[in-house]
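Examining the three-dimensional arrangement
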Amino acid sequence: MKTKQLVTNSLLLAIGFLLHYITPTLGLPMQIDFSLITLILVITLNKSSFSTCLASGVATGIFSGLTTKFPAGLAPNIVDKILTTVAVYFLVKLLDKTVLSSKIKVVITNAVGTLVSGMVFLFSALLLTGLPAPFSLLFTTVVIPAIVVNTVIGFLVNTICIKYRRWEKWMIKKWKMP
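Below: a short report on this structure. In this numbering scheme, every chain counts its residues from 1 along its sequence in written order. In view of the model being predicted, local features appear only for residues whose pLDDT reaches at least 70, and side-chain atom pairs are presented and counted only at 80 or more, with totals across whole chains, interfaces and linings using the full set of residues. Heavy atoms throughout the structure, all of them, feed into the side-chain values; hydrogens and water do not.

Here's the deal with the overall build of the protein
- Put simply, DSSP marks the helices as runs of H or I at least four residues long and the strands as runs of E at least two long, and each gets a number from the N terminus on. Of regular secondary structure, the protein possesses six helices and zero strands.
- Going from the N terminus to the C terminus, the protein shows its helices and strands as α-α-α-α-α-α.
- The size measure is the radius of gyration over C-alpha atoms, and the globule rule it meets is 2.2 Å times the number of residues to the 0.38 power. Relative to the 2.2 N^0.38 estimate, which gives 16 Å for 178 residues, the radius of gyration of the protein is 17 Å and therefore close to what a compact globule would have.
- Principal-axis analysis of the C-alpha atoms gives the protein an extent of 60 × 30 × 25 Å.

Some remarks on the side chain of Asn150
- Along the chain, the position of Asn150 falls in helix 6 (residues 135-175).
- Counting of polar contacts relies on pairs of N or O atoms within 3.5 Å, with two restrictions inside protein: one atom must be capable of donating a hydrogen and the other of accepting it, and residues adjacent in sequence are counted only when both atoms are side-chain atoms. There is a polar contact of 3.3 Å between the side chain of Asn150 and the side chain of Thr114.

Side note on the packing of helix 2 (residues 35-45) against helix 3 (residues 50-67)
- As a packed pair, helix 2 and helix 3 sit with axes 10 Å apart at the nearest point and diverge in direction by 170°. Relative to helix 3, helix 2 is oriented roughly antiparallel. For the pair helix 2 and helix 3, contact is made by Ser35, Leu39, Val42 and Ile43 and by Cys53, Ser56, Gly57, Thr60 and Ser64, respectively.
- Each residue is assigned to one class: nonpolar for Ala, Val, Leu, Ile, Met, Phe, Trp, Tyr, Cys and Pro, charged for Asp, Glu, Lys and Arg, and polar for all the others, Gly among them. When the residues that make up the contact of helix 2 with helix 3 are grouped by side-chain class, the tally is four nonpolar, five polar and no charged. Think of each axis as a best-fit line through the C-alpha atoms, taken over the contacting stretch in the case of a helix, with angles from 0 to 180 degrees between the N-to-C directions. Geometric relationships in this document are graded by angle, where less than 35 degrees denotes roughly parallel, more than 145 denotes roughly antiparallel, 65 to 115 denotes roughly perpendicular, and other angles denote oblique. Contacts between residues were defined by any pair of non-hydrogen atoms, one from each residue, lying within 4.5 Å.

Digging into helix 4 (residues 74-96)
- Working rule for helices: expected span equals 1.5 Å times residues minus one. For helix 4, which comprises 23 residues, the first-to-last C-alpha distance of 33 Å matches the rise-based estimate of 33 Å (1.5 Å per residue) to within 8%.
- Each residue gets one of three labels from its accessible area relative to the maximum for its type: buried under 20%, exposed over 50%, partly exposed in between, using a 1.4 Å probe on protein chains only. Taken as a whole, helix 4 has its buried residues at Pro76, Asn77, Asp80, Lys81, Thr84, Thr85, Val88, Tyr89, Leu91, Val92 and Leu95.
- Where helix 4 is buried, its residues touch helix 2, helix 3 and helix 5 (102-128).

So far we have only geometry, and geometry alone does not tell us how the molecule works.
Right under this line is the structure:
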């Protein structure tokens, strides 16, 4: 892995960690997981390296688990992020073989990634620690709004990253940097 790629991944995961830390709960001891947006972006940027994506998923799971407002949420977060990483990685690989526009791919990836993450988190929390409310209530009041929010914010973040990459390439070409 190149140093630039390592720094980019680290910064994205750190931003996701900080946003996850400061995000308030939604009435219940649950919060929208903004670290997932950055994880999905890291997976999209590193789709050629499964090991990098998996390491990012483990790191995000640990960070999310340490900052979660969900009681005993460390283990469910780690399980959730690892399984979500695998699912999103293969979804990105599958979508690369389609003729869909990149914007549609970003929307699909963020929506499906958040759905998988939410369901895996709730199911693993149910099995490992128990849920503070019924599964169906938590799914409709937390996971569905998170899908909408993460899809919109993920789309905006991805758009900003694409514009930054274009600007960066222009600067390198203009200044003839290596």
